Amino acid sequence: MELKPENIIVNPGEFVSLDDYTPEYTGTYQKKGQTTKRLKKLHKQLLELQGLLYAESQHALLIILQGMDTCGKDGTIRRVMGGINVQGCDVVSFKVPTADELSRDFLWRAHKVVPSKGKIGIFNRSHYEDVLVVRVHNLVPEPVWSQRYQQINDFERMLVENGTVVLKFFLHISKDEQKARLESRINDPTKHWKVEASDIRERAYWEDYMRAYEVVLQRCSTDWAPWYVIPANKKWYRNLVITECIVDRLKKLNMKYPEPAIDITKFYPIR
Ligand code: ADP
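Residues numbered from 1 in each chain as written. Predicted model: local features only at pLDDT ≥ 70, side-chain atom pairs only at ≥ 80, totals over all residues. Heavy atoms only, no water.

A. Representation of unusual backbone geometry in the model. Here the bond from Tyr 268 into Pro 269 is cis, since omega is -15 degrees, no more than 30 degrees from zero. Here Pro 269 is to be found in the segment after α12 (235-251). One non-glycine residue, Ser 57, lies in the positive phi region at around 50 degrees. Along the chain, Ser 57 turns up in the loop between α2 (36-56) and β1 (60-67). One non-glycine residue, Thr 70, lies in the positive phi region at around 70 degrees. The residue Thr 70 is located in the loop between β1 and α3 (73-80) in this model. With a relative accessible area of 10%, Thr 70 lands in the buried category. (Helix = DSSP H or I, 4+ residues; strand = E, 2+ residues; numbered from the N terminus. Buried < 20%, exposed > 50% of the residue type's maximum accessible area, 1.4 Å probe, protein only.)

B. Up close: the packing of aromatic side chains. Enumeration according to the criterion identifies seven aromatic pairs in this entry. The interplanar angle of 35 degrees and the centroid separation of 4.4 Å between the aromatic rings of Phe 170 and Tyr 213 together place this pair among those described as tilted. Taken together, the residues span a long stretch of sequence, with Phe 170 in strand β4 (residues 164-172) and Tyr 213 in helix α11 (residues 206-220) at a distance of 43 residues. Residue classification places Phe 170 among the buried positions, given a relative accessible area of 1%. Taken together, the ring pairs in this structure connect Tyr 25, Tyr 29, Trp 236 and Tyr 237 into an aromatic cluster. (Phe/Tyr/Trp six-rings, centres within 6.5 Å; stacked < 30°, edge-to-face > 60°.)

C. Region of the structure containing α2. Here α2 spans 30 Å end to end across 21 residues, near enough to the 30 Å set by a 1.5 Å rise per residue. All of the buried residues in α2 are Leu 39, Leu 42, His 43, Gln 45, Leu 46, Leu 49, Gln 50, Leu 52, Leu 53 and Glu 56. In this structure, the buried side of α2 is in contact with β1, α3, β2 (89-93), β3 (120-124) and α12. Looking one or two residues past α2, Ser 57 carries a phi angle of roughly 50 degrees, positive in sign. (Expected span 1.5 Å × (residues − 1). Contact = heavy atoms within 4.5 Å.)

D. Seen up close, the site of the ligand. Taken together, 14 residues lie around the ligand, and Lys 95, Arg 109, Arg 125, Glu 129 and Glu 196 are the ones closest in. Take Lys 73: an N or O atom from its side chain is 3.1 Å from an oxygen atom of the ligand. Between a nitrogen atom of the ligand and a side-chain N or O atom of Asp 130, the distance comes to 3.1 Å. Looking at side-chain class alone, the shell around the ligand contains six nonpolar, no polar and eight charged residues. (Near = heavy atom within 4 Å. Polar contact = N/O pair within 3.5 Å; in protein donor to acceptor, adjacent residues only side chain to side chain. Nonpolar A, V, L, I, M, F, W, Y, C, P; charged D, E, K, R; others polar.)

E. Expanded view of the pattern of salt bridges. Summed over all chains, the structure comprises 15 salt bridges. Across the pair Asp 100 and Arg 104 runs a salt bridge whose closest N-O atoms are separated by 3.0 Å. When its relative accessible area of 39% is taken as the criterion, Asp 100 is described as partly exposed. Look at Arg 104 and you get partly exposed, because its relative accessible area is 39%. Between Lys 179 and Glu 183 there is a salt bridge, with its nearest N and O atoms 3.6 Å apart. In this pair, Lys 179 and Glu 183 are both assigned in helix α9 (residues 175-187), four residues apart and thus about one turn of the helix distant. Since its relative accessible area comes to 41%, Lys 179 is described here as partly exposed. (Salt bridge = Lys/Arg side-chain N within 4 Å of Asp/Glu carboxyl O.)

F. Structural context of the sheet that holds β1. Ordered by their spatial adjacency, five strands build an open sheet running β2-β3-β1-β4-β5, and the pairing between neighbours is parallel. In this open sheet, the two strands that pair with only one neighbour each are β2 and β5 (227-231). The mean angle between the axes of side-by-side strands here comes to 20 degrees, regardless of whether they run parallel or antiparallel. Summarising the sheet, β2 and β3 pair through five bridges and their orientation is parallel. Residue pairing in the sheet places Val 91 in a bridge with Ile 122 of β3. Strands β1, β2, β3 and β4 of the sheet are contacted by α3, whose axis makes an angle of about 145 degrees with β1. Contacting β1, β4 and β5, α12 runs over the sheet at an angle of about 165 degrees to β4. (Pairing = 2+ DSSP bridges. Axes fitted to C-alpha atoms, helices over the stretch in contact; angles between N-to-C directions.)

Everything listed is a geometric property; what it means functionally is a separate question.
Pasting the structure below:
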């Protein structure tokens, strides 16, 4: 598989078996240093594209990050978005819903924090939890969660039709890699704060989560809001691929700086 964003998009309606995707995959690269130059170039492009997004203010960009615990959502936000203008970017983390959130429809809390035009919004977890953790643990009855795939597709279509670009990344790590990451947290006192009982508890449901993710990828990768499966065992490769996908998608918007509202030539020379 060549490193091309279109190669890791899940085709709408395509049967997905995560066993067919290799979390360890690093394309034509063998080690971190080999991607540094490319990543630097992409970061520069991303910063320029963000400037255009803001100047034009015709589109918003919504990036959704999902994956198992330790899959690297936080690291992705730090490394991929580290180089952009923080004023134009909001990160929202989706936690266990509050009583207020539970008293509304499940998309309410997502809709009220989508990015405005000109901005980038990153969802660290998202409304997809409502068909992942909720499905795995039967937190609502099946007739309720089973309707949600279509409701999510409709919601995202509405966002896209109103100028939001929606990109969804599943950070695919292997169960062994998660074990190694959890162990390294347990062995490093500076990382103890990151270890949560729920991480270990949820690990026992690994296979159930994989099946729930497969259904998400199959049912909710759409022409308007595709899912990308990111090989994420190697953090440096994960960062490269995600940045590549974002830059590629933003370039396709063919954004232009707006025409000046005034005749600029009248202001020269500046006295
Ligand atoms: P993270 O693991 O993303 O760094 P936390 O450790 O605070 O952050 O975990 C957030 C928790 O909230 C996760 O266990 C996640 O499954 C849970 N969660 C998020 N959305 C929902 C939801 N709609 N229903 C139930 N649990 C949810």
